[in-house]
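Each chain, written out:
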Amino acid sequence: MSLKSFAAKLFARNVVRRIHKWSHRPIETQQKVFKELIATAKDTAFGRDHDFAKITSFESFATKVPIRDYEDLTPYIHRVVKGEPDILWPGKPLYFAKTSGTTSGAKYIPLTKASIPNHIEAARNAILCYIYETGNARFVDGKMIFLQGSPMLKEENGIKLGRLSGIAAHYVPGYLQKNRLPSFETNCIEDWEDKVDAIVAETKDENMTVISGIPSWVQMYFERLQLATNKKVGDLFENFQLFIYGGVNYEPYRAKFENLIGRRVDSIELYPASEGFFAFQDSQSQKGMLLLLDSGIFYEFVEAERFFDNDPPRLTIGDVKMDVNYVMIVSNNAGLWAYNVGDTVQFTSLKPYRVIVSGRIKHFISAFGEHVIGKEVEEAMNVAMDQFGFSISEFTVAPQTTPETGELPYHEWLIEFEEPPKELQKVAAVIDASMQAQNSYYEDLIKGGVLQPLKITVLSKDSFTRYMKSLGKLGGQNKTPRLSNDRKIADELVKMQG
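In this text, all values refer to a predicted model and were calculated from it rather than measured experimentally. (Residues numbered from 1 in each chain as written. Predicted model: local features only at pLDDT ≥ 70, side-chain atom pairs only at ≥ 80, totals over all residues. Heavy atoms only, no water.)

Points about the overall build of the protein
What the protein contains, in helices and strands, is 18 helices and 18 strands. Against the globule reference of 23 Å for 498 residues, the protein gives a C-alpha radius of gyration of 23 Å, in line with a compact fold. Taken along the three principal axes of its C-alpha coordinates, the protein extends 65 × 60 × 45 Å. The proportion of buried residues among the 498 residues of the protein is 55%. Put simply, of all contacts in the protein between residues at least 6 apart along the chain, 67% involve residues at least 24 apart. For the protein, the exposed area adds up to about 22,200 Å²; of that, 49% sits on carbon and sulfur atoms. Of the charged side chains in the protein, 59 are positive and 63 negative; the average position of the first set lies 6 Å away from that of the second. (Helix = DSSP H or I, 4+ residues; strand = E, 2+ residues; numbered from the N terminus. Rg over C-alpha atoms; globule rule 2.2 N^0.38 Å. Buried < 20%, exposed > 50% of the residue type's maximum accessible area, 1.4 Å probe, protein only. Contact = heavy atoms within 4.5 Å. Areas by Shrake-Rupley, 256 points an atom, 1.4 Å probe, with all protein chains shown as cover. Lys, Arg positive; Asp, Glu negative; His and termini not counted. Charge placed at Lys NZ, Arg CZ, Asp CG, Glu CD.)

Written out as structure tokens, the structure is:
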């Protein structure tokens, strides 16, 4: 065992002890975070506007601070962008993480001196929990790759601006710098396809042990590696042991990844966002990701089915239940207050609190009242993949509300297969049966003759890559929604097949 891996094991033990301490006192931990946030921000413009000085409990906070989307917060954000201090959080933020909004164009999410360490420590602690649980620390001696956005930053009014992953690249601990790839110069390449080719050239002869990134873009990297070397990734990188991912569910990609790698490797799921690093997979044997309750973030939850009601109940961590679909609301030490992240989560454990991301509150299908969410379509796809043994590159689902004359409407599943299965109608039937088993609204619509069973549209190779490229969103943290309540994405993908 190397000195580095021995030190990593000792460090992991200490960190896990600290995690156990707060995770076993969840309500007290969240109350402490809440009080610190309110006390720190009471003299900001937002704090004065919402009477923070008189907030003594969550109940008074919920009365004074309504739930907000980004659009509702923009008057304050614009003041911060202009360089005004003490607006949402004391002083000015260090950075703005620029993200692509679906309804408001570019979003500027503040990152402060107080919030940045939470992003860095959470990513580190996810790896340390893995080391503690498995005893495996050998990978720390090899090379690690993090597929991410460009670390090049702009500056406006004394605040630096860039993609979250690019900002995080500036905070890689010194003890990892010698192990880290790609080079800074390669990371700065803007064109994603050129960047992937440069990463392949830099890494194909290295001892890669850890690979991290959004699955769809790591998949492209693996395919280019195989093309360049004519080897399975696992044969090329014999010591590749750990895949770290976030952003989307890995399961629909797993079969293809294991084919590209040539074997199974351990994986760690992360739940990072510009608004905060919310959770990470702390166990290889337990379902879900540990919700980070001591990281400068106070959480609220609203049942997804009631979210669009007038004044729906706002729950705190002590009120949540297992397997209920919740919209997650956060207040944090970057100055976001009762902020709707847009994600829906479900709890898989309450001791400690672990979650899975079940979808997006704005990404659903309910054209006929079926309330279909991302978790359901992913689970149905996994059932079919397990039964028929096929693998896919990507898929999305949309309603077909205006089918050919005489036909009932249906859900269209647009799938880019590795190799389309021969029994496509049987695959569709299995997926549809799984959807009905999971979603009683959908089942009622099928059995009631309102909808016909789903139909699969087979897409040509690289359809999703070409679609994302046409939007200027190829690579980085960008991803295609799993499902939409309209046909904007579906129609563009179908159009590309001509």
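What about the packing of helix α14 (residues 374-388) against helix α15 (residues 424-438)?
The interhelical angle for the contact between α14 and α15, taken along N-to-C directions, is 140°, at an axis separation of 9 Å. As judged from the angle between their axes, α14 and α15 are oblique. Seen along the crossing, α14 lies across α15 with a hand that is right-handed. Contact with α14, carried on its side by Lys375, Glu376, Val377, Glu379, Ala380, Val383, Ala384, Gln387 and Phe388, involves Lys426, Val427, Val430, Ile431, Ser434, Met435 and Gln438 of α15 and no other residues of that element. Split into classes, the residues belonging to the contact of α14 with α15 amount to nine nonpolar, three polar and four charged. (Axes fitted to C-alpha atoms, helices over the stretch in contact; angles between N-to-C directions. Parallel < 35°, antiparallel > 145°, perpendicular 65-115°, else oblique. Left-handed = near helix turned anticlockwise from the far one by under 90°. Nonpolar A, V, L, I, M, F, W, Y, C, P; charged D, E, K, R; others polar.)

Focus: the pattern of salt bridges
Between side chains of opposite charge, pairing is possible as soon as their charged atoms come close. With the rule as written, the count across this model stands at 23 salt bridges. As a salt-bridge pair, arginine 354 and aspartate 282 come within 2.9 Å of each other at their nearest N and O atoms. Pair noted here: arginine 354 is in strand β15 (residues 353-360) and aspartate 282 is in the loop between β10 (276-280) and β11 (289-291), with a separation of 72 residues, a long-range link. What makes arginine 354 buried here is its relative accessible area of 9%. Overall, the relative accessible area of 16% leaves aspartate 282 in the buried class. Salt-bridge contacts for arginine 482 lead to glutamate 378; the nearest nitrogen and oxygen are separated by 3.1 Å. One end of the pair, arginine 482, is in the loop between α17 (463-470) and α18 (488-495); the other, glutamate 378, is in helix α14, and 104 residues separate them in sequence. Among the residues examined, glutamate 378 registers a relative accessible area of 10% and is labelled buried. Through salt bridges with shared partners, a single ionic network connects Glu193, Asp197, Arg224 and Lys469. (Salt bridge = Lys/Arg side-chain N within 4 Å of Asp/Glu carboxyl O.)

Some words on the nonpolar core
Grouped together as the largest cluster of nonpolar side chains are 84 residues, with contacts concentrated most on Phe61, Leu291, Tyr299, Phe301 and Trp337. Tallying contributions element by element places helix α6 (residues 116-134) first for this core, with seven residues. Residue contacts for phenylalanine 301: discarding those within four places in its chain leaves Leu291, Pro313, Arg314, Leu315, Thr316, Ile317, Val320, Tyr326, Val327, Met328, Val345 and Phe347. Within the second largest apolar cluster, 39 residues are counted, among which are Trp192, Val218, Phe257 and Leu493. (Core = buried A, V, L, I, M, F, W, Y, C linked by side-chain atoms within 4.5 Å.)

A short note on the packing of α15 against helix α16 (residues 440-447)
For the pair α15 and α16, the least separation of the axes is 5 Å and the interaxial angle reads 120°. Considering the angle they form, α15 stands oblique to α16. In this structure, α15 contributes Asp432, Met435, Gln436 and Gln438 to the contact, and α16 contributes Ser440, Tyr442, Glu443, Ile446 and Lys447. Residue classes in the contact of α15 with α16 are distributed as three nonpolar, three polar and three charged.

Re the sheet that holds strand β17 (residues 410-417)
The strands making up a sheet are joined through hydrogen bonds of the backbone, oriented either antiparallel or parallel. Here three strands make up an open sheet; going across it, the order is β16-β17-β18 and the pairing mixed. The sheet terminates laterally at β16 (392-400) and β18 (455-458), the two strands that pair on one side only. Across the sheet, the mean angle separating the axes of adjacent strands is 25° when strand polarity is ignored. Note: β16 against β17, eight bridges, orientation antiparallel. (Pairing = 2+ DSSP bridges.)

Some thoughts on the pairing of strand β9 (residues 266-273)
In the sheet, strand β8 (residues 242-246) pairs with β9 via five bridges, with the strands oriented parallel. Opposite leucine 242, over in β9, you have aspartate 266 as the bridge partner. For the segment spanning β8, helix α13 (residues 251-261) and β9, crossover handedness is right-handed. Alignment of β9 against β10, held across four bridges, turns out to be antiparallel. Counterpart to alanine 273 in the pairing with β10 is glycine 276. Two successive antiparallel strands, β9 and β10, enclose a turn made up of two residues. (Right-handed = clockwise from strand over helix to strand, strands pointing away.)

Structural notes on the side chain of arginine 482
Residue classification places arginine 482 among the buried residues on the basis of a relative accessible area of 9%. In contact with arginine 482, not counting residues within four places along its chain, are Asn249, Pro252, Tyr253, Val377, Glu378, Glu394, Phe395, Thr396 and Val397.

Remarks on the sheet that holds strand β6 (residues 180-181)
The strand order across the open sheet formed by eleven strands is β6-β3-β7-β8-β9-β10-β11-β15-β14-β13-β12, and the pairing between neighbours is mixed. Looking at the sheet topology across the chains shown, the edges are occupied by β6 and β12 (297-303). Pairing of strand β13 (residues 326-332) with strand β14 (residues 339-350) involves four bridges; the strand directions are antiparallel. Across the sheet, residue valine 330 finds its bridge partner in β14, namely tyrosine 339. Packed on one face of the sheet, α6 meets β8, β9 and β10 and runs near 10° to β10.

These figures come from the coordinates and say nothing about function on their own.
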